[in-house]
Amino acid sequence: MFANVGWGEMLVLVVVGLVVLGPERLPGAIRWTTGALRQARDYLSGMTNQLREDIGPEFDDIRGHLSELQKFRGMTPRAALTKHLLDGDDSIFTGNFDKPVNGTTASPPVEPATPPADPPAAASAPPERTPFDTDAT
């Protein structure tokens, strides 16, 4: 549940709790919070065990089907195209066309020759390349 909360976030929470609650009520609030979390965890594990006993061996079958459904949860149209049609190469969406293709190394991009000094009128000219919006395609 709180697996992604690091020490830095915990320190910020303690400092905010110290400011909001004060030093005399903070230890009681921490005890109450840890007790409530422990009680909720015990309740959920007891419910899982009860469900496992009631359903029996079919519980593992249901878990297998739910894990298969979880794989489809992240399947967006972009991910489906990348996985099935492009063999996982998403450079068409990211604009990174310098990736190696089929194990071969891509040649480095060629730098254009330095053009002669531009006249002042060319400074307001539109860019040479049209912007490309990957999300709009």
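So, how was this worked out
- Residues numbered from 1 in each chain as written.
- Predicted model: local features only at pLDDT ≥ 70, side-chain atom pairs only at ≥ 80, totals over all residues.
- Heavy atoms only, no water.
- Helix = DSSP H or I, 4+ residues; strand = E, 2+ residues; numbered from the N terminus.
- Buried < 20%, exposed > 50% of the residue type's maximum accessible area, 1.4 Å probe, protein only.
- Contact = heavy atoms within 4.5 Å.
- Axes fitted to C-alpha atoms, helices over the stretch in contact; angles between N-to-C directions.
- Parallel < 35°, antiparallel > 145°, perpendicular 65-115°, else oblique.
- Nonpolar A, V, L, I, M, F, W, Y, C, P; charged D, E, K, R; others polar.
- Expected span 1.5 Å × (residues − 1).
- Patch = residues over 30% accessible without salt bridge, like charges linked within 9 Å, V, L, I, M, F, W, Y side chains within 5 Å.
- Areas by Shrake-Rupley, 256 points an atom, 1.4 Å probe, with all protein chains shown as cover.
- Salt bridge = Lys/Arg side-chain N within 4 Å of Asp/Glu carboxyl O.

**Side note on the overall build of the chain**
Broken down by element type, the chain carries five helices and zero strands. Helices and strands appear in the chain in the N-to-C order α-α-α-α-α. Per-residue burial for the chain yields a buried fraction of 5% across its 137 residues. In the chain, the share of contacts with a sequence separation of at least 24, taken over all contacts with a separation of at least 6, comes to 13%.

**Concerning the packing of helix α2 (residues 26-55) against helix α3 (residues 58-73)**
A pair of packed helices can be characterised by two numbers: the angle between their axes and the separation between those axes. Where α2 contacts α3, the axes come no closer than 7 Å and their chain directions differ by 115°. The angle between α2 and α3 places the two elements in the roughly perpendicular class. Contact with α2, carried on its side by T48, L51, R52 and I55, involves E58, F59, I62 and R63 of α3 and no other residues of that element. Looking at the contact of α2 with α3 residue by residue, the class counts come to four nonpolar, one polar and three charged.

**Quick look at helix α1 (residues 7-21)**
Owing to its 3.6 residues per turn, the α-helix brings residues three or four apart onto one side. Its 15 residues give α1 an end-to-end C-alpha distance of 20 Å, which sits within 8% of 21 Å, the value for a rise of 1.5 Å per residue. The positive-phi residue at the C-terminal boundary of α1 is G22, with phi of around 95°.

**What about a nonpolar patch on the surface?**
On the surface, a cluster of nonpolar side chains totalling about 580 Å² of accessible area is made up of L11, V12, V15, V16, V19 and V20. Looking at where V20 falls in the secondary structure, it is placed in helix α1. Of the residues examined, V20 reaches a relative accessible area of 59% and is grouped as exposed.

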